[in-house]
Amino acid sequence: MRIVQELLFIIAFGMAVYLFSTKVRQIRRNILLGRDKDLNDHPDLRWKNLLLLAFGQKKMFRNPLVAVLHFFVYAGFIIINLEILEIILDGILGTHRLFVPVLGGLYPVLIGAFEVLAVLVMLGCIVFLVRRNILKLRRFISKDLNGWPRSDANYILITEIALMFLFLTMNTADQQMQLRGSEHYIATGNFLVTGSLASIFNHMSDGTLIAIERTCWWLHILGILAFLNYLPYSKHLHIILAFPNAYYASLEPAGEMENMPAVQKEVQLMLQPELAANEPAPEGIPKFGAKDVFDLTWKNLLDAYSCTECGRCSAACPANITGKALSPRKIMMDTRDRAEEVGRNINKNGAFTDDSKTLLRDYITEEELRACTTCNACVQECPVSISPLDIILQLRRHLVMEESSAPAEWTGMFSNIENNMAPWKFSMDDRDKWATEMNQ
């Protein structure tokens, strides 16, 4: 019977790892559909960002209560899952609590700490469910989350509660079996939480307790493996991608816009025409801005896949607050959805086949893009330094520079800047007349 269980475990574990790695490779391919961008400068600052933003969750602590609860859920879930290594080895080798002889007296201390974290994870998840479904904070009831995104968050929170409950129930039954001196259940010492709960199972037979412990063990590990394969389809992929995304976050001053080299060169030649004679002929026609995910950078697409859908960006966006169509969260969700659609196209056809769709207009409207004030509030608020603004700017550049699509007010300003080198309709010669008139 034990060999059958080992074989079943190895099959389940192998399938889970295969499916997860397959989806991860597809996501990596989708991200690399974007243009290349070198972000390997200043590794010291980038490691600092990773430690502060991803590990330390620095931006979350603007709201200390929520930050502490989130830290419990995040750190607790990650740390508790370190025990998964032991469970995996037990499943493959047919052992039970393999690390007890290795860790000795440290083992019950570690498991006790894991149990405390499990209780805190359950508490944090319950509070977050209340905030989403009873208190209904504004950013959680936005139409951006209609349908699957809203359900996704609830499914994850409920799943985490269930997994922690299974973990604690498994340990409680295990502790009771240890007290009874059962041969298979190695004496580990008292666990901090479940050691005091073991008496709940006093009235149960050995067979019932073994069934409870084994059932919880199997459901816990299968739940973890299912959760692993759910991650790539969920907003909770940020559990993994927050780390590289924080590392590759922009180090430029807040709000600084990236210039386009081709345009800079044109302006330079306009101001210094004598340089044109030595300028090599341009290679091909430059592309301005972005129309689809292929035109964005790989970092833009990594941002999209790293989005937590927390809505802090939209809650801080002045356009969104005043009822405009723009929602920075939706910009990121739409970008990810389009990248996924392109990925499915590639999976089906072997290479991308034109589907007559683009990110611009089919997913993100001109109205949304034009509502942006470029204030940078969305980037400032994002816990992992995602930049919806960069995507908005690139899409808007395409509209203006490739399609000459801009509101009349913008067109007039562009004309004035081109002719007068200022937004106002006054020539350079007349610009200081107001000062002369004041002195008369």
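Residues numbered from 1 in each chain as written. Predicted model: local features only at pLDDT ≥ 70, side-chain atom pairs only at ≥ 80, totals over all residues. Heavy atoms only, no water.

A. Focus on the pattern of salt bridges. Per the counting criterion, the structure on display carries 21 salt bridges. For Arg97, the salt bridge is made with Glu83, and the minimal N-O distance between the two is 3.9 Å. Placement of Arg97 in the loop between α4 (83–93) and α5 (100–103) and of Glu83 in helix α4 is noted, with a sequence separation of 14 residues between them. As far as burial versus exposure is concerned, Arg97 and Glu83 are alike and both buried. Salt-bridge contacts for Lys287 lead to Asp295; the nearest nitrogen and oxygen are separated by 2.9 Å. The class of Asp295 is buried, set by a relative accessible area of 11%. Where salt bridges share partners, they join Asp292, Arg338, Glu341, Asp355 and Lys357 into one cluster. (Salt bridge = Lys/Arg side-chain N within 4 Å of Asp/Glu carboxyl O. Helix = DSSP H or I, 4+ residues; strand = E, 2+ residues; numbered from the N terminus. Buried < 20%, exposed > 50% of the residue type's maximum accessible area, 1.4 Å probe, protein only.)

B. Quick peek at the domain arrangement of the chain. Each assigned domain of the chain is listed here: domain 1 (2–31 + 63–247) and domain 2 (261–429). A separation of 41 Å is found between the C-alpha centroids of domain 1 and domain 2. Of the residues lining the interface, 22 residues belong to domain 1; the matching set on domain 2 comes to 29 residues. Across the domain 1 to domain 2 interface the summed buried area is about 2100 Å²; carbon plus sulfur atoms make up 50%. By the criterion of area lost to domain 2, the three top residues of domain 1 are Ile31, Arg139 and Asn245, representing 31% of everything that side buries. A salt bridge links Asp144 to Arg329; the shortest N-O distance between them is 3.5 Å. Our count for the contact surface shared by domain 1 and domain 2 stands at 12 residue pairs in polar contact (both at pLDDT 80 or more). (Domains from an automatic or database assignment. Contact = heavy atoms within 4.5 Å. Buried area = accessible area lost by both parts, 1.4 Å probe. Polar contact = N/O pair within 3.5 Å; in protein donor to acceptor, adjacent residues only side chain to side chain.)

C. Broad picture of empty space enclosed by the protein. Overall, the coordinates contain four cavities of 30 Å³ or more when judged by the stated rule. A volume near 590 Å³ is recorded for the largest cavity. Along its surface, the largest cavity is lined by 30 residues, and Met60, His70, Lys235, His236 and His238 are the ones closest to its centre. Contributions of two or more residues to the lining of the largest cavity are made by α2 (43–55), α3 (64–80), α6 (106–133), α7 (148–179) and α9 (238–247). Among the elements that make up the lining of the largest cavity, the one with the highest residue count is α3 (six residues). For the lining of the largest cavity, the per-class residue count stands at 19 nonpolar, five polar and six charged. Lining the lining of the largest cavity are residues from two domains, each supplying at least three of them: domain 1 (2–31 + 63–247) and domain 2 (261–429). (1 Å grid on protein atoms, 1.4 Å probe; cavity = no way out; pocket = protein on both sides within 12 Å on 5 of 7 lines; lining within 4 Å. Points joined across faces, edges and corners; volume = space filled by probe spheres on them. Nonpolar A, V, L, I, M, F, W, Y, C, P; charged D, E, K, R; others polar.)

D. Local environment of the layout of surface pockets. As a volume, the largest pocket reaches approximately 1400 Å³. In terms of lining residues, the largest pocket is bounded by 48 residues, among which Lys37, Ser250, Glu252, Glu258 and Asp390 are the most central. At the level of secondary structure, the elements contributing two or more residues to the lining of the largest pocket comprise α2, α10 (261–271), α11 (298–306), α17 (377–381) and α18 (388–402). Of the residues forming the lining of the largest pocket, the biggest block, six residues, is contributed by α2. Looking at the lining of the largest pocket, its residues break down into 18 nonpolar, 12 polar and 18 charged. The space that makes up the second largest pocket amounts to roughly 1200 Å³.

E. How the structure looks around the UniProt feature "transmembrane region" (unreviewed entry) in the chain. When the UniProt feature table is mapped onto this chain, "transmembrane region" (unreviewed entry) is found at residues 6–22, 65–89, 109–131, 152–173, 185–204 and 216–233. Each end of residues 6–22 is marked by a C-alpha atom, and these two atoms are 24 Å apart; helix forms 100% of the span and strand 0%. Spanning residues 216–233, this segment combines 83% helix with 0% strand, and its end C-alpha atoms are found 26 Å apart. (UniProt positions renumbered as here; feature names shortened; annotations may be inferred.)

F. Summary view of the nonpolar core. Membership of the largest hydrophobic core comes to 42 residues, with the highest contact counts inside it found for Leu326 and Leu395. In terms of residue count, the dominant contributor to this core is α18 (six residues). Formed by 37 residues, the second largest nonpolar core is a distinct cluster that contains Val66, Met122, Leu129 and Phe191. (Core = buried A, V, L, I, M, F, W, Y, C linked by side-chain atoms within 4.5 Å.)

G. Just the side chain of Asn416, in detail. Relative to the helices and strands, Asn416 resides in helix α19 (residues 408–420). Under the relative-accessibility criterion, Asn416 is labelled buried at 13%.

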